[in-house]
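Residue-level structure breakdown
Now for the letters of each chain:
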Amino acid sequence: MNNPQTIDVLIVGAGPSGSALAIDLVRRGLDVRIVDRSPHAFDGSRAKGIQPRSLEVLEDLGALDDVLAGGDIYPKLGLHAGPIGVPWKMFPHKEATPDVPYPDTWLIPQFRTDRALHARLSELGREVEFGKELTELTQDEDAVVAKVVGADGVEELVARYAVGADGGSSAVRKQLDIGFVGTTDESDRVLIVDASVSGLARNRWHMWPGLGGKLIGACPLPHSDMFQWMIRLTPDEKPPQEIGAIIDRIHSHTRNRHIQLHEIHWKSVFRPNIRLAKHYGRGRVFLVGDAAHVHTPAGAQGLNTGMQDGYNLGWKLGQVLAGADPALLGTYEAERQPIAAGVLGLSTEKWGGIAKLDPSSMKRGKDEQQLALTYFGGPLAPADGMRTGTLRIGDRAPDARLLGADGAETRLFALFQGPHFTAIAYGPDSARDLELLDWPTTGAPLKRLTVGPAAGDGRAFSDLENTLRSAYGLTGDTLLLIRPDGYIGHIATRDFLTTTQAAVRAMTPQTRSRTMSQLSQPSHAYPGSGAIE
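Predicted model only: the values in this text are computed from it and were never measured.

1. Considering the sheet that holds strand β21 (residues 293–294)
- Pairing is antiparallel across the open sheet formed by three strands, whose spatial order is β12-β18-β21. Here the strands that pair on one side only, and so sit at the sheet edges, are β12 (180–184) and β21.

2. Some details on the packing of aromatic side chains
- Applying the stated rule across the entire model yields eleven aromatic pairs.
- With centroids separated by 6.0 Å and ring planes inclined at 10 degrees, the aromatic side chains of Trp 208 and Trp 229 adopt a geometry described as stacked. Placement of the pair is Trp 208 in strand β14 (residues 204–209) and Trp 229 in strand β16 (residues 226–233), with a sequence separation of 21 residues.
- Residue placement shows Arg 46 over the ring face of Phe 42; its charged tip is 4.1 Å from the ring centre.
- Directly above the aromatic system of Phe 227 lies the positively charged group of Arg 202, at a separation of 4.9 Å from the ring centroid.

3. A few points about the packing of helix α1 (residues 16–26) against helix α7 (residues 302–321)
- Direction vectors running N to C along α1 and α7 enclose 25 degrees, while the axes themselves pass 8 Å from each other. Accordingly, the angle class assigned to the pair α1 and α7 is roughly parallel. Note on packing geometry: the crossing formed by α1 with α7 is right-handed. Two secondary-structure elements touch here, α1 through Pro 16, Ser 17, Ala 20, Leu 21, Asp 24 and Leu 25 and α7 through Leu 303, Gly 306, Met 307, Gly 310, Tyr 311, Leu 313, Gly 314, Trp 315 and Leu 317.
- Per-class residue counts for the contact of α1 with α7 are ten nonpolar, four polar and one charged.

Conventions and cut-offs
- Residues numbered from 1 in each chain as written.
- Predicted model: local features only at pLDDT ≥ 70, side-chain atom pairs only at ≥ 80, totals over all residues.
- Heavy atoms only, no water.
- Pairing = 2+ DSSP bridges.
- Helix = DSSP H or I, 4+ residues; strand = E, 2+ residues; numbered from the N terminus.
- Phe/Tyr/Trp six-rings, centres within 6.5 Å; stacked < 30°, edge-to-face > 60°.
- Lys NZ or Arg CZ within 6 Å of the ring centre and 35° of its normal.
- Axes fitted to C-alpha atoms, helices over the stretch in contact; angles between N-to-C directions.
- Parallel < 35°, antiparallel > 145°, perpendicular 65-115°, else oblique.
- Left-handed = near helix turned anticlockwise from the far one by under 90°.
- Contact = heavy atoms within 4.5 Å.
- Nonpolar A, V, L, I, M, F, W, Y, C, P; charged D, E, K, R; others polar.

Dropping the structure here:
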């Protein structure tokens with residue numbers, strides 16, 4: 001057995017949820033290890049839709065370029081009834097606007113998303129440790145001890161915190177003995193096959209519905225000759241295994257013998273689990289992604305919800321490790337569990353509608369895009385807080401186009417990018433108070449932005465086209481505090497300094513309140529901690 005040194009965070013599971021979290025933690029200067037029991041990165045297409053909000057998250061994490069290069073917008077559906085194929089617009093393709101830079105759901109097989117995240121993690125100096133399986137997890141008041149088994153035998157890892165991102169059958173969740181409430185319908189099974197295909201147009205996501213919920217779908221995977229096939233099995237049907245049997249199954253349902261499968265790259269039998277963890281953690285261990293919630297595939301919600309779990313948890317872990325009140329970590333479950341519960345309802349409704357051949361169940365809109373998800377009314381976003389004409393505390397902070405003092409245009413999201421908080425002072429009175437705002441010297445730094453309505457008024461940025469004013473519903477002097485995960489942490493339209501300072505205390509290290517055990521740990525000062533001018 002090794003004699004381990006204590007690291008900051010151990011992540012178990014290297015799918016999108018765990019990898020996104022690892023990137024966020026590493027860029028905060030934390031000592032992180034991420035292990036996965038699989039011998040290598042995932043090879044299948046499985047979760048293939050990335051929603052607009054997740055694209056914004058990927059941009060902040062520095063992985064967006066690879067994801068955009070590996071995917072495309074969704075094609076129209078092609079609904080087949082015998083020899084007739086009817087085009088159906090499943091996703092409403094929209095033009096980018098100043099407040100929503102990525103309006104369309106992005107089609108990309110999961111293996112490319114995973115690799116984009118792993119590549120970004122590697123750029124930051126960390127690698128996924130594949131072939132290491134968790135076998136035991138214990139914890140006390142100060143640390144988590146994990147035993148993992150790999151090619152070199154048993155290794156003991158000690159971390160201040162641990163996160164289970166290890167899927168629906170999560171070993172971490174089972175070690176914590178946390179209930180996973182919901183249902184699994186063993187009679188409702190779908191064979192998913194990634195295969196090289198000829199004889200089928202690639203400009204459609206083909207659907208061949210049938211009575212009794214029978215369905216075959218074939219979605220083209222961008223930049224390849226592959227389709228993802230979804231074959232809904234009858235209750236007593238044995239899934240075909242060999243390529244010939246799969247082709248026969250497709251031909252018998254579609255009545256189209258021009259379709260040919262040439263090579264199978266990956267296949268799996270999926271059962272629509274609908275489950276939610278009773279708790280999102282215990283003590284110093286937390287759950288993200290499928291370890292905390294599993295959904296039907298309808299609506300492309302699972303991967304996106306999981307990745308945003310990690311994005312919510314990452315900055316909070318960083319702040320607590322830097323000395324913030326550990327109660328901040330309790331807001332993770334309070335904010336994310338209701339989101340997952342709502343997503344479970346949405347995806348379940350869509351899945352049931354597909355079985356009934358309800359055309360509306362195939363439509364995708366703002367509910368799936370996750371841009372309107374909010375933490376309003378939660379522990380960090382009180383319902384009695386101030387608001388603007390369009391936004392409340394806890395809402396997503398929109399993008400906007402601003403003009404710098406040098407005349408160069410910049411996006412607000414470009415100024416948000418990084419592990420810091422951002423304060424936006426709109427108008428002279430809020431700007432004066434922003435200069436007086438006290439910010440801790442440890443933990444996530446603060447970037448201070450002052451914005452005026454027009455160029456030449458002495459502000460650092462001007463809102464010449466009123467994109468900020470419009471998206472944020474500003475009618476006068478306003479001070480906004482944006483959390484590191486891009487949600488609004490505070491809105492002040494009066495009493496700028498006193499109310500903002502009170503909100504800051506709940507989310508940042510307060511030296512006087514640090515416990516002796518925290519004082520004995522390293523004080524994590526991010527590169528550039530404190531004010532960013």
